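Breakdown of the fold
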Amino acid sequence: MTAGTRLALWRPRVLSLLRIIAALLFMEHGLIKHFHFPARHGAPVPLPPTLFIAATIEVIGGGLLALGLFTRPVAFLCAGEMAMAYFGFNNKIGPWPALNLGDVTILFCWIFLYLFCEGGGAWSLDALRRRLGRA
Amino acid sequence: MDRLNAWSPRVLSLLRIITALLFMEHGLMKLFHFPAPQPGAPDPLPTILLVAAILEVGGGALLTLGLFTRAAAFICSGEMAAAYFLVHAKSGPWPALNGGDDAILMCWVFFYLVFAGGGAWSVDALVRKRA
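Now for a description of the structure that goes with this document. (Residues numbered from 1 in each chain as written. Chains lettered and ligands numbered in written order. Predicted model: local features only at pLDDT ≥ 70, side-chain atom pairs only at ≥ 80, totals over all residues.)

1. Let's talk about the overall build of chain B
Counting its secondary structure elements, chain B contains five helices and zero strands. Element order for chain B, N to C, with α for helix and β for strand: α-α-α-α-α. With the principal axes as the frame, chain B shows a C-alpha extent of 45 × 30 × 25 Å. Expressed as a percentage of its 131 residues, the buried residues of chain B come to 44%. (Helix = DSSP H or I, 4+ residues; strand = E, 2+ residues; numbered from the N terminus. Buried ≥ 20, exposed ≤ 12 C-beta atoms within 10 Å, placed from the backbone.)

Have a look at this one:
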């Protein structure tokens, strides 16, 4: 097995790792807003409706993406939420992502957009469903 | 679904370019104070931050172009892992609170690029087509 084919073999697995890590980090922001876990951070109490919806998308969408279940539609929804967060919040602080705290938002948005196009990778419930469906 | 799959290598290139530019911005802030000085970075830069900033500017530029993508991505991914454990992990275990989710996301996006390459829109793809 050459180095090239070995890299190609691991590609869908590493995609799944990227998906799981990004989903858990995304979910953490929802848990902070909804349940103050692991700590309270910034958001007003009680949450205004937009932040309430955002936090719900982050917890449930992040959970589904971590499992890799219904990856494409969920990733599309979460990417849209992150785009709205960037233009509704970060962009108002200033134009430079490293200074308006928006680079995390941008990275989430594009990672999820890529998952929408590529799917959840080798280690996902979607892949398991496909395999069971074929068997 | 076929349409989405057709777009996947192109969107991979967009993800690569965006991530690389955001990465490069942090290096430009440290080295040239552009668009503003990096908050918290001392002036003059200590050696380790100088090396980090050079990797961010040089590596970010190569990854933006998609030139030597896999090798550049491997080095940049390692730099972000080092940054997370040397800087962010010291301010606490939770990425959303220690300012580290940025570093983690860049680390994993670059690590994926090692395996996936630069996608459809990259100098690497252009060179392959020419050959």
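Past the structure itself, the notes keep going.
2. Comments concerning helix H3 (residues 71-93) of chain A
Residue and element names in this part refer to chain A. For H3, spanning 23 residues, the distance from its first C-alpha to its last is 32 Å, which sits close to the expected 33 Å at 1.5 Å a residue. Remark: the principal bend of H3, roughly 35°, maps to Tyr86. Among the residues making up H3, those that are buried are Thr71, Val74, Ala75, Cys78, Ala79, Glu81, Met82, Ala85, Tyr86 and Asn90. (Expected span 1.5 Å × (residues − 1). Bend = angle between axes of the 7 residues up to and from the residue.)

3. As for the interface of chain B and chain A
The partner chain A presents 31 residues to the 30 residues of chain B that form the contact. Elements represented by at least two residues in the side of chain B that touches chain A include exactly helix H1 (2-32) and helix H4 (101-116) of chain B. The leading source of residues in the side of chain B that touches chain A is H1 of chain B, at 13 residues. Its residues assigned to classes, the side of chain B that touches chain A shows 24 nonpolar, three polar and three charged. (Contact = placed C-beta atoms within 7 Å. Nonpolar A, V, L, I, M, F, W, Y, C, P; charged D, E, K, R; others polar.)

4. Points about the nonpolar core
If you look at the biggest cluster of nonpolar residues, it comprises 69 residues, and the most contacted ones within it are Leu107, Ile111 and Phe112 of chain A together with Leu105, Val109 and Tyr112 of chain B. Breaking this core down by element, the ones donating at least two residues are helix H1 (3-35), helix H2 (49-67), H3 and helix H4 (103-118) of chain A together with H1, helix H2 (47-65), helix H3 (69-86) and H4 of chain B. Top element by residues in this core is H4 of chain B. It accounts for 14 residues. What Leu105 of chain B contacts, discounting residues up to four positions off in sequence, is Ala22, Leu25, Val104, Leu107 and Ile111 of chain A. (Core = buried A, V, L, I, M, F, W, Y, C linked by C-beta atoms within 7 Å.)

5. Things to note about the environment of Arg16 of chain B
All names here are of chain B. With respect to the helices, strands and loops of the structure, Arg16 is situated in helix H1. The class for Arg16 is buried, based on 28 C-beta atoms found within 10 Å. Considering only alpha carbons, one finds Arg16 and Ile104, 88 residues apart in sequence, at a separation of 15 Å. Not counting chain neighbours up to four residues away, the residues in contact with Arg16 comprise Leu63, Gly66, Leu113, Gly118 and Gly119.

6. Regarding the environment of Val57 of chain B
Residue and element names in this part refer to chain B. Inspection of the secondary structure assignment puts Val57 in helix H2. When the C-alpha atoms of Val57 and Leu21 are compared, they prove to be 9.0 Å apart, with 36 residues separating the residues in sequence. Those residues within four positions of Val57 in sequence are excluded, and the remaining contacts are Met24, Gly27, Leu28 and Leu31.

7. As for unusual backbone geometry
Peptide bonds are trans in most cases, and residues, glycine excluded, mostly fall at negative phi. Between Phe37 of chain A and Pro38 of chain A the backbone carries a cis peptide bond, its omega angle lying at 0°. Within the fold, Pro38 of chain A resides in the loop between H1 and H2. Of the consecutive residues Phe34 of chain B and Pro35 of chain B, the connecting peptide bond is found in the cis state with omega at -5°. Tracing the chain through its elements places Pro35 of chain B in the loop between H1 and H2. Of note in this structure, Leu101 of chain A is not a glycine but carries a positive phi near 65°. Position of Leu101 of chain A among the secondary structure elements: in the loop between H3 and H4. You will see that His33 of chain B, though not glycine, has its phi angle at about 55°, which is positive.

8. A closer look at the packing of H3 of chain B against H4 of chain B
Residues and elements named next belong to chain B. Two elements in contact, H3 and H4, have axes separated by 8 Å at closest approach and are oriented at 155°. Comparing their axes, H4 and H3 come out roughly antiparallel. Handedness of the crossing formed by H3 with H4: left-handed. Contacts between H3 and H4 involve Thr69, Arg70, Ala73, Phe74, Cys76, Ser77, Met80, Ala81, Ala83 and Tyr84 from the first element and Ala103, Ile104, Met106, Cys107, Phe110, Phe111, Leu113 and Val114 from the second. For the contact of H3 with H4, the per-class residue count stands at 15 nonpolar, two polar and one charged. (Axes fitted to C-alpha atoms, helices over the stretch in contact; angles between N-to-C directions. Parallel < 35°, antiparallel > 145°, perpendicular 65-115°, else oblique. Left-handed = near helix turned anticlockwise from the far one by under 90°.)

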